[in-house]
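Take a look at the letters that make up each chain.
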Amino acid sequence: MIEDNILIENAVLAFLHNYPDHKWTEHYKVLLSKLKTLQNEQPKDAEVRKRGRPAERQRKEETASPASSKEAVKTT
């Protein structure tokens, strides 16, 4: 897909080509130079935001299960 800057630059170039003696010619030349500097600039890297500490499961010493299920789990 064509970027917006390329379309705008093309329109400015067409204006300058078709109307070289127009009173706005100098303004369009300045605009064209600004557009060309925008194309030459490197995009800035997005800042990566770190979140807080990593999530960990809460460790419990005892389970909340009834005593009868504890006896079934024991293997001795």
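Residues numbered from 1 in each chain as written. Predicted model: local features only at pLDDT ≥ 70, side-chain atom pairs only at ≥ 80, totals over all residues. Heavy atoms only, no water.

Right, let's talk about the confidence of the model for the chain for a bit. With 72% of its residues at a pLDDT of at least 70, the chain reaches an overall mean of 78. Mean pLDDT per element in the chain: helix 3 (residues 67–73) is the minimum at 58, and helix 1 (residues 4–18) is the maximum at 90. (pLDDT = per-residue confidence, 0-100. Helix = DSSP H or I, 4+ residues; strand = E, 2+ residues; numbered from the N terminus.)

Tracing the backbone shows E9 in helix 1. No salt bridge is formed by the buried E9; the nearest opposite charge belongs to K36, separated by 4.4 Å. With residues up to four places along the chain from it excluded, the contact list for E9 reads L32, L35, K36 and Q39. (Buried < 20%, exposed > 50% of the residue type's maximum accessible area, 1.4 Å probe, protein only. Lys, Arg positive; Asp, Glu negative; His and termini not counted. Salt bridge = Lys/Arg side-chain N within 4 Å of Asp/Glu carboxyl O. Contact = heavy atoms within 4.5 Å.)

Our next topic: helix 1. At 3.6 residues per turn, the α-helix brings residues three or four places apart onto the same side. Between its first and last C-alpha atoms helix 1 spans 21 Å; for 15 residues at 1.5 Å apiece the expected length is 21 Å, and the two agree. Restricting attention to buried positions, one finds in helix 1 the residues E9, V12, F15 and L16. Down the axis of helix 1, the smallest arc covering the buried residues is 120°, so these residues share one side. In helix 1, the exposed positions angled more than 90 degrees off the buried face are occupied by H17 and N18. (Expected span 1.5 Å × (residues − 1). Arc of directions from axis to C-beta.)

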